[in-house]
Amino acid sequence: MSLAESWDRYAVGSKPRRPVNAEGETTWLNWTQYADHGPNESVLGPVAGRRVLDSAQGAVATSLTW
């Protein structure tokens with residue numbers, strides 16, 4: 001089984017994403033394991049033309065821009 005097939009198989013049993021979050025937003029970031037907890041993407045500042053690295057190490061997801 002390929003990696004893509006494994007993720008597809010996992011996705012079948014996953015809960016679909018809500019259309020809006022508690023703030024009524026249609027797009028948002030989940031910074032922690034708790035739904036609707038943490039800042040939105042504006043904390044990253046303007047990222048147009050920049051590279052973004054998501055290290056996503058276990059329960060800690062860290063995004064860096066440079």
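Small disclaimer: the values here were computed from a predicted structure and weren't measured. (Residues numbered from 1 in each chain as written. Predicted model: local features only at pLDDT ≥ 70, side-chain atom pairs only at ≥ 80, totals over all residues. Heavy atoms only, no water.)

When its secondary structure is counted, the protein shows 1 helix and 2 strands. For the protein, the succession of helices and strands along the chain, N to C, is α-β-β. A separation threshold of at least 6 residues defines the contact pool for the protein, and within that pool the share at least 24 residues apart is 0%. Total accessible area on the protein is roughly 5800 Å²; 58% of this is exposed by carbon and sulfur atoms. (Helix = DSSP H or I, 4+ residues; strand = E, 2+ residues; numbered from the N terminus. Contact = heavy atoms within 4.5 Å. Areas by Shrake-Rupley, 256 points an atom, 1.4 Å probe, with all protein chains shown as cover.)

Attention now moves to a nonpolar patch on the surface. Residues Leu3, Trp7 and Tyr10 make up a contiguous nonpolar surface patch of roughly 430 Å² in combined accessible area. By secondary structure assignment, the location of Tyr10 is in helix α1 (residues 3–12). (Patch = residues over 30% accessible without salt bridge, like charges linked within 9 Å, V, L, I, M, F, W, Y side chains within 5 Å. Salt bridge = Lys/Arg side-chain N within 4 Å of Asp/Glu carboxyl O.)

A word on the confidence of the model for the protein. Looking at the protein, pLDDT values average 75 and 80% of them are 70 or higher. When mean pLDDT is compared element by element in the protein, α1 scores highest at 85, while strand β2 (residues 63–65) scores lowest at 50. (pLDDT = per-residue confidence, 0-100.)

As a further point, take the packing of aromatic side chains. Under the definition given, this model contains 1 aromatic pair. Aromatic pair Trp7 and Tyr10: ring centres 5.6 Å apart, planes at 90°, arrangement edge-to-face. With Trp7 and Tyr10 both in helix α1 and 3 residues apart, the pair spans about one turn of that helix. Comparing Trp7 with Tyr10 shows no difference in burial state: the two are exposed. (Phe/Tyr/Trp six-rings, centres within 6.5 Å; stacked < 30°, edge-to-face > 60°. Buried < 20%, exposed > 50% of the residue type's maximum accessible area, 1.4 Å probe, protein only.)

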